[in-house]
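# Structural description and commentary
Each chain is listed here by its residues.
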Amino acid sequence: MLDLSRTRERLADFVPDGEKITRISPLTTGFSNETYLLEGLDAILRLPPSAGAMLDGHDVVAQARIYAELNTLPNAPIVPGIVAICDETILLGSPFFVMERVKGESIDDFNMRPWFIEGTDALRAEVCRSWVSAFASLSHLKPLRALGQEVTPEDDARMWREFACKADCSRLAELFDRLLARPAPRSGPTAIVHGDTKLSNLMWDGGQISAMLDWEMALNGEPLADLGYMLYGFESEHHAATRAQKLPGMLKRDEVISLWSEVSGRSADGVFWHEIAQIGKITAIIAEGANMYVTGRSTDPKLTIFQQSLGYYLGVMQSMLDAGGF
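Below is a summary of the structure that appears in this document. (Residues numbered from 1 in each chain as written. Predicted model: local features only at pLDDT ≥ 70, side-chain atom pairs only at ≥ 80, totals over all residues. Heavy atoms only, no water.)

### Here's the deal with the nonpolar core
Convention followed: Residues grouped as a nonpolar core are buried Ala, Val, Leu, Ile, Met, Phe, Trp, Tyr and Cys residues, joined through side-chain atoms within 4.5 Å. Think of it in three bands: with a 1.4 Å probe and only protein chains considered, a residue is buried below 20% of the maximum accessible area for its type, exposed above 50%, and partly exposed in between. Put simply, DSSP marks the helices as runs of H or I at least four residues long and the strands as runs of E at least two long, and each gets a number from the N terminus on. Any two residues having at least one pair of non-hydrogen atoms within 4.5 Å are treated as being in contact.
Core analysis: the largest hydrophobic core is formed by 51 residues, its most contacted members being Leu70, Phe116, Trp131, Leu199, Trp215, Leu227 and Val256. Of all elements in the fold, only α2 (60–70), β5 (96–100), α4 (121–136), β8 (202–205), β9 (208–212), α7 (224–231) and α8 (253–264) reach the threshold of two or more residues within this core. In terms of residues, this core owes the most to one element, α4, which gives seven residues. Excluding its chain neighbours within four sequence positions, the residues that come into contact with Trp131 are Thr197, Lys198, Leu199, Leu202, Trp204, Ile209, Met230, Phe234, Gln245 and Met250. If you look at the next biggest cluster of nonpolar residues, it comprises 30 residues, including Ala157, Leu172, Ala287 and Leu314.

Written out as structure tokens, the structure is:
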């Protein structure tokens, strides 16, 4: 557990204008990177998860460098400015970074915000179009230095297959094998892939996007992966829509695909392969959470949800593979 009083004292001498920090308040903690508000400085502190990272990709310093590089590029999405980076453990016990606080709020299935729920169908349709367009626009950006070498869709799927094996989920590994028996379709040159294109990873201010956050799973790769990940939230014959996408005004699956193609300038042909791969990624993360709980590596009661939902996600992936003749 982070000692907030001691952390404030140490940051005061390290962060520019750190003496302005009056209090540190936790915003999110758990298995993703931890987030704290630095009151007085009006900035955000991010550290690795105290509960133990479920993903090796949760490297806070790497994410800070992604933000820093994006802030130098024209036509890049809006991301927070970086105030300070520390890749040593001596100061706070782990690497960390401090970024500017972005004005706005997120929309997620558990906290969809009154303005979004109670707004008009037209407002939700515009939010949905902005969401899809923001991630589709990444396909116009050249690979980032901070993200390293290109990761092919097949190599990414193999990585998640290995993750499933470590989570002791042999059935998921077998499903990945079926997918990998067929080459992944390509839409064009390698570009930036966000890797986690949920609606909740955008910040909104006055109905407009104010930032794109949470780049922990980003890579240089095939942009159809981002569309495939997004499509999981929209109803298909294989799975239901997630909660926000069920509201009136939100685009339908075919409208999302059409808009993504229009904005990206790429064909979405073959996105079904990528949607299956991204569902496999989601399932691998769920399998790891379930395994952490079953093996006693974590006693967090929230992980029981992972355990209870694993069978459903495996069933969805198998249904899609069967339908696609894999």
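So, next bit.
### Looking at the sheet that holds strand β4 (residues 82–86)
To keep it simple, the criterion reads: Strand pairing is assigned whenever DSSP identifies at least 2 bridges connecting the two strands. For helices, the axis comes from a line fit to the C-alpha atoms of the stretch in contact; other axes are also lines fit to C-alpha atoms, and the angle between any two N-to-C directions lies between 0 and 180 degrees.
Strand order in this open sheet of five strands is β1-β2-β3-β5-β4, and the pairing throughout is antiparallel. Only two strands of the sheet have a single neighbouring strand rather than two, namely β1 (23–28) and β4. Across the sheet, the mean angle separating the axes of adjacent strands is 20 degrees when strand polarity is ignored. Note: strand β2 (residues 34–39) against strand β3 (residues 43–47), five bridges, orientation antiparallel. Bridge assignment links Leu37 to a residue of β3, and that residue is Ile44.

### A few points about the packing of α4 against α8
What counts, and what does not: Each angle receives one of four descriptions, namely roughly parallel if under 35 degrees, roughly antiparallel if over 145, roughly perpendicular if within 65 to 115, and oblique otherwise. Each crossing gets its hand from how the near helix is turned against the far one by less than a right angle, where anticlockwise is left-handed and clockwise is right-handed. Charged means Asp, Glu, Lys or Arg here, nonpolar means Ala, Val, Leu, Ile, Met, Phe, Trp, Tyr, Cys or Pro, and polar covers whatever is left, Gly included.
Two elements in contact, α4 and α8, have axes separated by 9 Å at closest approach and are oriented at 45 degrees. For the element pair α4 / α8, the angle class is oblique. The hand of the α4/α8 crossing is right-handed. Facing α4, whose interface residues are Arg129, Val132, Ser133 and Ala136, α8 presents Val256, Leu259, Trp260, Val263 and Ser264. Taken together, the residues that form the contact of α4 with α8 break down as six nonpolar, two polar and one charged.

### Topic: the pairing of β2
Burial analysis of β2 places five of its six residues in the buried class, the great majority of the element. The pairing of β1 with β2 spans five bridges and is classified as antiparallel. The partner of Ser25 across the bridge, within β2, is Leu37. Linkage of β2 to β3, two consecutive antiparallel strands, is achieved through a turn of three residues, within which Gly40 is found at a positive phi near 95 degrees.

### Points about the packing of helix α5 (residues 153–166) against helix α6 (residues 170–180)
Think of two packed helices as two axes; the pair is described by the angle between the axes and how far apart they sit. In the contact formed by α5 and α6, the axes pass within 8 Å of each other and the chain directions differ by 165 degrees. With respect to their mutual orientation, α5 and α6 come out roughly antiparallel. When you trace α5 past α6, the crossing you get is left-handed. Only Leu172, Ala173, Phe176, Asp177 and Leu180 of α6 make contact with α5, whose side of the interface consists of Glu154, Ala157, Arg158, Trp160, Arg161, Ala164 and Cys165. In terms of residue class, the contact of α5 with α6 is built from eight nonpolar, no polar and four charged.

### Observations concerning the pattern of salt bridges
Here is the rule we go by: Here, a salt bridge means any Lys or Arg side-chain nitrogen found within 4 Å of an Asp or Glu carboxyl oxygen.
Under the defined criterion, the tally for this structure stands at 17 salt bridges. The partner of Asp42 in a salt bridge is Arg101, and the shortest N-O contact between them spans 3.0 Å. A residue pair is termed long-range when its members are at least 10 positions apart, and Asp42 in the loop between β2 and β3 and Arg101 in the loop between β5 and β6 (105–106) qualify at 59 residues. Judged by relative accessible area, which is 41%, Asp42 ranks as partly exposed. Among the residues examined, Arg101 registers a relative accessible area of 46% and is labelled partly exposed. Between Glu216 and Arg46 there is a salt bridge, and its shortest N-O distance comes to 3.9 Å. On the criterion of sequence distance, the pair formed by Glu216 in the loop between β9 and β10 (219–221) and Arg46 in strand β3 is long-range, its members being 170 residues apart. Judged on exposure class, the residue Glu216 and its partner Arg46 are both buried. One salt-bridge network, in which partners are shared between bridges, spans Arg46, Asp214 and Glu216.

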